[in-house]
There are 2 protein chains.
Amino acid sequence: MKKIVVLGAGRSSPYLIDYLLENAAFHGWTVTVGDVSLEQARQRVKGAPEGKAVAFDVNSQSQREQIVRENDIVVSLLPPSMHILIARECLRFGRHMVTASYVSKEIRALESDAKALGITMMNEAGLDPGIDHISAMKIIDEIKSRNGHLISFKSYCGGLISPESDDNPWGYKFTWNPRNVVLAGQGTALYMERGKHRYIPYSRLFKETERVEVKNFGSFEGYANRDSLSYREPYGLEGIETMLRGTLRMPGFCEGWHAFVSLGITDDSYTVDDSENITYRDFIESYLGRYTSGRSTEEALAAFMNIDKDSDIIKRIEWLGLFEDKKINLKKATPAMILQNLLEEKWKLSEEDKDMIVMQHQFEYIEGGVRKRITSSLVVKGEDKNYTAMAKTVGLPSAIIAKLLATGRITRRGVLIPTFPEVYRPVLEELEDYDIIFGEEETEVR
Amino acid sequence: MKKIVVLGAGRSSPYLIDYLLENAAFHGWTVTVGDVSLEQARQRVKGAPEGKAVAFDVNSQSQREQIVRENDIVVSLLPPSMHILIARECLRFGRHMVTASYVSKEIRALESDAKALGITMMNEAGLDPGIDHISAMKIIDEIKSRNGHLISFKSYCGGLISPESDDNPWGYKFTWNPRNVVLAGQGTALYMERGKHRYIPYSRLFKETERVEVKNFGSFEGYANRDSLSYREPYGLEGIETMLRGTLRMPGFCEGWHAFVSLGITDDSYTVDDSENITYRDFIESYLGRYTSGRSTEEALAAFMNIDKDSDIIKRIEWLGLFEDKKINLKKATPAMILQNLLEEKWKLSEEDKDMIVMQHQFEYIEGGVRKRITSSLVVKGEDKNYTAMAKTVGLPSAIIAKLLATGRITRRGVLIPTFPEVYRPVLEELEDYDIIFGEEETEVR
């Protein structure tokens with residue numbers, strides 16, 4: 001009788017916990033959900049007979065020790081920096097662990113210990129990272145098995161809002177950590193194109209976007225992720241000529257966001273003078289310097305961006321309230337904090353809102369002298385504000401992997417990510433039962 | 001018989017040491033020069049009878065202790081982060097100290113101890129900071145003494161190359177720390193304009209410049225310093241409507257540098273892949289992404305900047321060799337390191353080159369109901385590669401202040417900067433003997 005514990009009962013947990021509880025009776029599991037809020041944990045367990053809700057404080061060494069010791073498999077949905085605390089206990093007590101987060105340096109350093117102790121530490125078992133690895137590796141392995149030679153791999157993913165709930169000019173609401181959205185892309189993006197390294201600094205990341213078409217769902221915009229090349233080696237694509245990983249947004253979002261980057265209001269490194277008492281209009285004006293002379297703020301921004309005053313960009317920014325004579329009312333706030341605070345109000349999911357996940361992989365390869373293209377696309381829509389497509393696609397891969405570990409179907413040990421057939425096959429198969437299904441198109445390139 | 005020690009015999013030391021040695025016989029001083037290179041210290045002392053050259057390693061606690069104990073006044077020209085090590089010894093042994101560097105937090109924390117012990121720790125006694133404070137405060141105090149009300153203060157300074165030695169299209173050579181020049185302005189600039197805060201992010205700092213006219217010397221370009229407002233309080237200008245501090249460059253420099261910032265090649269936060277083996281052309285191309293398609297690198301850069309292929313900006317960049325098929329030959333280099341390495345070769349002062357310091361203060365104030373303007377400008381030219389205007393203007397204020405301390409003419413104690421009459425009057429007076437003379441123009445503003 002296996003014992004599984006889920007640590008953290010936040011936004012990405014509902015499908016994951018439901019899945020484990022649904023499977024618990026059949027497999028004879030107990031499923032414990034620990035959260036800093038006992039009430040939150042209880043709401044997720046919903047009184048299921050195989051479930052148990054507990055209060056759990058990750059900062060308590062004794063609680064960490066106890067909860068890991070008492071269970072066989074630990075799924076951590078805690079903030080990424082906390083995983084290492086749990087991982088150390090998992091090593092001590094010989095427990096398998098699953099997270100949906102990127103492998104940190106600290107976690108990677110546990111590789112040889114985990115292997116020696118026969119423990120599986122599966123990371124990046126969410127959506128992006130997670131389903132991207134799982135779905136891409138299936139196709140990469142297929143192409144390789146047919147002696148195809150991959151020359152290009154582009155992969156995009158976006159957590160968006162479903163068209164029926166899209167009632168704002170940005171085509172965007174928060175389904176994920178707002179701070180990460182506001183700070184997204186800071187630094188320099190790196191990818192490969194036709195054998196050459198390409199760098200895009202933050203100042204033009206949202207300007208130099210690519211158009212991505214998804215059949216039956218229309219056009220999206222993709223901006224490059226920070227480092228597109230880090231998965232060359234895990235994917236076995238060392239010599240590939242073109243490799244790009246990007247984030248998708250609805251058309252128009254990026255040009256609007258580019259205005260914020262150009263203004264400088266996504267900066268989180270200094271506080272704005274007197275941020276409590278100034279208005280949103282003051283705030284925007286203070287970045288428009290010479291352009292404000294003899295102009296309204298709207299006109300100054302249009303002049304600064306070299307666009308028409310009646311353009312969609314200005315309308316989007318106006319819709320957010322950035323031209324309002326309303327006090328910001330935030331003490332010692334950075335520009336990014338001011339922007340985030342406003343966006344959290346404007347881009348809030350309402351109860352009935354449905355979000356939407358879009359993922360697309362584009363492969364180009366040569367097989368038998370013929371250049372071919374495979375496009376593999378996924379669109380998943382959420383049910384409501386809690387049962388989001390984001391929670392579904394982030395949570396289910398971790399849940400399925402926890403099951404595969406509990407049932408002994410994953411035998412590889414060490415610090416892993418889900419790029420190998422023993423994991424990606426059963427996960428992809430089971431995701432189909434939840435309507436997480438990629439559509440593939442294969443064409444010849446002329 | 002006073003003993004003065006100068007720690008560090010580098011670029012900014014020649015005039016300073018000459019000045020102290022020239023004054024030594026009359027005042028009965030000994031002047032010790034300590035440098036990590038004994039040979040370098042000897043070259044500066046030139047066998048003067050009152051002088052002594054010693055090898056000095058700032059990392060040795062015993063050497064720090066000994067050299068401070070043996071002297072009465074310590075002038076530190078060491079790297080800024082080292083001053084605190086010397087300052088602690090000065091406190092221990094009750095010695096006065098002079099530096100040309102910004103007051104660090106650590107030094108500021110010594111204020112009450114220094115005061116209690118009757119020690120003067122004079123900082124910012126160079127050019128910028130230094131002569132800027134000295135010359136501006138003289139005029140600010142004069143205006144105030146006439147019951148004038150200051151409404152605007154703009155102050156610019158640049159370490160440039162003298163027209164007769166200006167033989168490159170950038171109008172620039174290094175007379176100062178190259179790394180600081182390459183990284184200059186990163187972050188966000190803050191200043192005040194007509195009562196409003198103004199922020200300029202780095203991505204447009206070199207685009208949004210101001211034109212500065214210096215009588216008999218022509219036009220310069222000024223870009224805003226990081227924080228123009230930090231001297232409002234030390235200058236007693238708390239309520240001022242406009243306050244800007246900027247850095248001067250020759251016309252055209254900033255638009256060229258803006259190309260580097262836009263490309264992203266002044267970034268020091270990551271290393272460029274395979275930086276050892278790629279060429280300068282590869283390097284530039286890797287930042288030009290989509291613009292390279294079907295174009296030469298020069299054409300791609302022109303298209304990216306939205307300028308003509310034959311424009312001066314492209315010519316300046318070409319002159320630097322950034323389009324050459326020549327290996328960079330630097331291991332694990334950041335973009336900024338690659339750029340700096342190239343610039344150090346191209347912007348090197350030759351033996352006979354004369355540098356030039358330009359400083360200008362622009363004051364606007366209301367006196368008796370009339371709006372008036374004072375422009376105060378300084379131009380100093382160097383003699384050669386060693387006796388630079390930079391060394392003269394950085395070194396002489398510290399040297400004069402060391403003399404004023406040795407002769408008991410400065411009585412104020414604590415952690416100070418030279419903003420008060422007891423210091424700025426005699427320093428300004430003596431600087432005139434060295435042809436460091438501000439020209440003032442006063443006009444009414446209609």
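Scroll up for the structure.
Residues numbered from 1 in each chain as written. Chains lettered and ligands numbered in written order. Predicted model: local features only at pLDDT ≥ 70, side-chain atom pairs only at ≥ 80, totals over all residues. Heavy atoms only, no water.

### Points about the interface of chain B and chain A
Worth spelling out the cut-off: Residue contacts follow a heavy-atom distance rule, with two residues in contact if any of their heavy atoms lie within 4.5 Å. Salt bridges are defined as contacts in which a side-chain nitrogen from Lys or Arg sits within 4 Å of a carboxyl oxygen from Asp or Glu. For the purposes of this entry, the term helix denotes a DSSP run of H or I that reaches at least four residues, the term strand denotes a run of E that reaches at least two, and both are numbered from the N terminus. Residues are sorted three ways: Asp, Glu, Lys and Arg are charged, Ala, Val, Leu, Ile, Met, Phe, Trp, Tyr, Cys and Pro are nonpolar, and all the rest, Gly among them, are polar.
Taken together, the contacts link 28 residues of chain B with 28 residues of chain A. Put simply, chain B and chain A have 2 salt bridges between them. Across the pair A:Glu285 and B:Lys196 runs a salt bridge whose closest N-O atoms are separated by 3.2 Å. By residue number, the principal contributor to the side of chain B that touches chain A is strand 9 (residues 196–201) of chain B, which donates 5 residues. Among the residues making up the side of chain B that touches chain A, the classes are represented as 8 nonpolar, 10 polar and 10 charged.

### Describing the pattern of salt bridges
Using the following cut-off: Only protein chains enter the area calculation, which uses a 1.4 Å probe; residues under 20% of their type maximum are buried, those over 50% are exposed, and those in between are partly exposed.
The final tally for this structure, using the stated rule, is 59 salt bridges over all chains. Close ionic contact of B:Lys138 with B:Glu440 constitutes a salt bridge, the shortest N to O distance being 3.1 Å. Here B:Lys138, found in helix 7 (residues 131–145), pairs with B:Glu440, found in strand 16 (residues 439–444); they are 302 residues apart in sequence, far enough to count as distant. In this structure B:Glu440 comes out as partly exposed when scored by relative accessible area, which is 40%. B:Glu213 is the partner of B:Arg211 in a salt bridge, and the nearest nitrogen-oxygen pair spans 2.9 Å. Via salt bridges that share partners, A:Glu65, A:Arg69, A:Glu89 and A:Arg92 belong to a single interconnected network.

### Topic: the sheet that holds strand 15 (residues 414–416) of chain A
All names here are of chain A. Our working definition: Here, strands pair whenever DSSP counts at least two bridges between them. To define axes, lines are fitted to C-alpha atoms, for helices over the stretch in contact only, and angles between the resulting N-to-C directions are given on a 0 to 180 degree scale.
The 7 strands lie next to each other as 3-2-1-4-5-6-15, forming an open sheet whose pairing is parallel. Both outer strands of the open sheet, strand 3 (51–55) and strand 15, are each paired with one neighbouring strand and no more. Along the sheet, successive strands turn relative to each other by an average axial angle of 15 degrees, direction set aside. Examined bridge by bridge, strand 1 (residues 3–7) and strand 4 (residues 73–76) share 4 bridges and lie parallel to one another. Within the sheet, the bridge partner assigned to Leu7 lies in strand 4 and is Ser76. Each of strand 1, strand 4, strand 5 (96–99) and strand 6 (120–122) touches helix 14 (residues 389–406); the most contacted strand, strand 5, lies at about 165 degrees to it.

### Digging into the relation of the copies chain B and chain A
Here is the rule: Each copy is superposed on the other by least squares, with the fit set by C-alpha atoms of residues at a pLDDT of at least 70 in both.
When chain B is fitted to chain A, the residual RMSD is 0.1 Å, and the transformation amounts to a turn of 180 degrees plus an axial shift of 0.1 Å. Here the two chains are linked by the operation of a two-fold rotation axis. It is B:Ser203 whose C-alpha, among those of chain B, lies nearest the rotation axis, at 3.2 Å. A shared binding surface is used by both copies, with 100% of the interface residues of chain B retained as interface residues in chain A.

### Observations concerning helix 4 (residues 83–93) of chain B
Within the sequence span of helix 4 of chain B, burial applies to B:His83, B:Ile84, B:Ile86, B:Ala87, B:Glu89, B:Cys90 and B:Leu91. Following helix 4 of chain B by one or two positions, B:Gly94 adopts a phi angle in the positive range, close to 70 degrees.

### Description of the nonpolar core
Defined as follows: We call a set of buried residues a nonpolar core when its members are Ala, Val, Leu, Ile, Met, Phe, Trp, Tyr or Cys and they connect through side-chain atoms within 4.5 Å of each other.
In terms of nonpolar packing, the biggest core is built from 157 residues, with A:Trp257, A:Phe283, A:Leu322, B:Leu20 and B:Ile86 touching the most fellow members. In terms of residues, this core owes the most to one element, helix 14 (residues 389–406) of chain B, which gives 12 residues. When sequence neighbours within four positions are dropped, the list of residues in contact with A:Trp257 reads A:Trp170, A:Val181, A:Val182, A:Tyr202, A:Phe206, A:Thr266, A:Leu339, A:Leu343 and A:Trp347. In this structure, A:Val45, A:Val54, A:Ala114 and B:Phe220 belong to the second largest nonpolar core, which totals 156 residues.

### Details of the packing of helix 3 (residues 61–69) of chain A against helix 4 (residues 83–93) of chain A
Residues and elements named next belong to chain A. Condition: Throughout, the term roughly parallel applies to angles under 35 degrees, roughly antiparallel to angles over 145, roughly perpendicular to angles from 65 to 115, and oblique to all others. For any pair of crossing helices, the crossing counts as left-handed if the nearer helix is rotated counterclockwise from the farther one by less than a right angle, and right-handed if it is rotated clockwise.
Closest axis-to-axis distance for the helix 3/helix 4 pair is 9 Å, and the angle between their directions is 50 degrees. If you check the angle between helix 3 and helix 4, you find them oblique. Here helix 3 and helix 4 pass one another in a crossing that is right-handed. Contact residues: Gln61, Arg64, Glu65, Val68 and Arg69 in helix 3; Leu85, Ile86, Glu89, Cys90, Arg92 and Phe93 in helix 4.

### Notes on a negative patch on the surface
Rules: Candidates for patches are residues over 30% relative accessible area with no salt bridge; among them, like charges are joined within 9 Å and nonpolar side chains (Val, Leu, Ile, Met, Phe, Trp, Tyr) within 5 Å. Only the protein chains shown count as covering a residue, and every accessible area follows the Shrake-Rupley method with a 1.4 Å probe. Positive charges come from Lys and Arg, negative ones from Asp and Glu, while His and the chain ends are left out of the count. We put the charge of a Lys on NZ, of an Arg on CZ, of an Asp on CG and of a Glu on CD.
There is a patch of like negative charges on the surface, built from A:Glu429, A:Glu432, A:Asp433 and A:Asp435. Mapped onto the fold, A:Asp435 is located in the loop between helix 15 (421–433) and strand 16 (439–444).

### Focus: the pairing of strand 10 (residues 210–214) of chain B
Residues and elements named next belong to chain B. Relative to strand 11 (residues 218–224), strand 10 is paired through 5 bridges, and the arrangement is antiparallel. Bridge pairing in strand 11 links Val214 to Gly218. In textbook terms, the turn of a hairpin is the stretch between consecutive antiparallel strands, and for strand 10 and strand 11 this stretch comprises 3 residues, one of which, Asn216, has a positive phi near 75 degrees.

### Thoughts on the packing of helix 14 of chain B against helix 15 (residues 421–433) of chain B
Residue and element names in this part refer to chain B. Relative orientation of the contacting elements helix 14 and helix 15 amounts to 120 degrees, with a least axis distance of 10 Å. Taken together, the axes of helix 14 and helix 15 lie oblique to each other. At the point where helix 14 passes helix 15, the crossing takes the right-handed sense. When helix 14 is examined against helix 15, the residues Leu396, Pro397, Ile400, Ile401, Lys403 and Leu404 are found in contact with a partner set consisting of Val423, Pro426, Val427, Glu430 and Leu431.

### A word on the side chain of A:Glu221
Residue and element names in this part refer to chain A. To keep things clear, this is the line we draw: Whenever two N or O atoms come within 3.5 Å, that pair is a polar contact, provided that in protein one can donate a hydrogen and the other can accept it, and provided that, for residues adjacent in sequence, both atoms are side-chain atoms.
With respect to the element layout, Glu221 can be found in strand 11 (residues 218–224). Polar contacts involving the side chain of Glu221 include one to the main-chain amide nitrogen of Gly252, which spans 2.8 Å. Reaching out from Glu221, the side chain makes a polar contact with the backbone nitrogen of Cys254 at a distance of 3.2 Å. Glu221 has contacts with Glu210, Thr247, Leu248, Arg249, Met250, Pro251, Gly252, Phe253 and Cys254, leaving out every residue within four places of it along the chain.

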